[in-house]
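The primary structure of each chain is shown beneath.
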Amino acid sequence: MSKLSIIIHPDPRLKKVASPITNITDRIKQLSADMLEAMYEASGVGLAAPQVGITKRLVVMDCSNEGEKKELILINPEIVWSSEENASFEEGCLSIPDVREEISRPLSVQVQFIGIDNTRREEFFNGLWATCIQHEIDHLNGKLFIDYLGPMKRSSITRKMIKLKKQLNRKK
Ligand code: NI
């Protein structure tokens, strides 16, 4: 089992703005590897450090469907361009298990980030990858995908998660 446990909404740690990483230490490298492991184990396509209780601007993702893994580690990712055209995808989140909702976001984005090898990089994302990176960057800013929903729907999901957390605690 993965060393990291994923925080379930609602939790104040998911609402914080994460701070930039200034130094890619061995701890950060280990954390990225552990986050990838936790993400694959939970069958997720993306995970942001705040979801494992680390308030740093670090994201891992892999939206390749089947077959070859295409994992990406993004440090201090920043959207530098987004398309005017939007696209809707059914989004889910490892911090909000078993909930899926259609969310509309820009179809494509250009993202600047630092790679785990400490190089400055820029990448163009489209479709599901674009949705995923925008969703993960939102996590770094304390924002969840359910924040795009209306207040009624959002609070009903939150109540469901509170119930789920009680059940999970009982099992421990
Ligand atoms: Ni998420």
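Before going into details, it helps to say that this report is about the structure given with it. (Residues numbered from 1 in each chain as written. Predicted model: local features only at pLDDT ≥ 70, side-chain atom pairs only at ≥ 80, totals over all residues. Heavy atoms only, no water.)

### Focus: the pairing of strand E3 (residues 72-82)
Looking down a regular strand, the side chains alternate between one sheet face and the other.
Moving on, step 1. In this sheet, E3 lies alongside strand E2 (residues 58-61) in antiparallel orientation, the contact comprising four bridges. Paired with Met61 across the strands is Leu72, a residue of E3.
Moving on, step 2. Here E3 pairs with strand E6 (residues 108-114) via five bridges, running antiparallel. Each residue of the ladder has a partner; that of Glu78, found in E6, is Gln112. (Pairing = 2+ DSSP bridges. Helix = DSSP H or I, 4+ residues; strand = E, 2+ residues; numbered from the N terminus.)

### Here we look at the pattern of salt bridges
Moving on, step 1. Overall, the coordinates contain seven salt bridges when judged by the stated rule.
Moving on, step 2. A salt bridge links Arg13 to Asp11, with the nearest nitrogen and oxygen atoms 2.9 Å apart.
Moving on, step 3. Residue classification places Arg13 among the partly exposed positions, given a relative accessible area of 38%.
Moving on, step 4. Among the salt bridges present, the one from Lys153 reaches Glu101, with a minimum N-O distance of 3.1 Å. Of this pair, Lys153 sits in helix H3 (residues 151-171) while Glu101 sits in strand E5 (residues 96-106); the two residues are 52 residues apart in sequence, bridging distant segments of the chain.
Moving on, step 5. What emerges from the salt-bridge pattern is a single network uniting Glu91, Arg105 and Asp138. (Salt bridge = Lys/Arg side-chain N within 4 Å of Asp/Glu carboxyl O. Buried < 20%, exposed > 50% of the residue type's maximum accessible area, 1.4 Å probe, protein only.)

### Digging into unusual backbone geometry
Moving on, step 1. A cis amide bond links His9 to the next residue, Pro10, at an omega of 0 degrees.
Moving on, step 2. Position of Pro10 relative to the elements: it lies in the segment before helix H1 (26-41).
Moving on, step 3. One non-glycine residue, Asn76, lies in the positive phi region at around 50 degrees.
Moving on, step 4. Here Asp98, not a glycine, exhibits a phi torsion of approximately 60 degrees, which is positive.
Moving on, step 5. Structurally, Asp98 is set in strand E5.

### Section: the coordination of the nickel ion
Moving on, step 1. Protein coordination at the nickel ion: the donors are Cys93 (SG), His135 (NE2) and His139 (NE2), at 2.1 to 2.3 Å from the metal.
Moving on, step 2. Written as a sequence motif, the donor arrangement for the nickel ion is C-x41-H-x3-H. Of this pair, Cys93 sits in strand E4 (residues 86-93) while His139 is found in helix H2 (residues 127-140), placing the two residues 46 residues apart along the sequence. Both residues of the pair, Cys93 and His139, count as buried. (Donors = N, O, S within 2.8 Å, 3.2 Å for Na, K, Ca; no water.)

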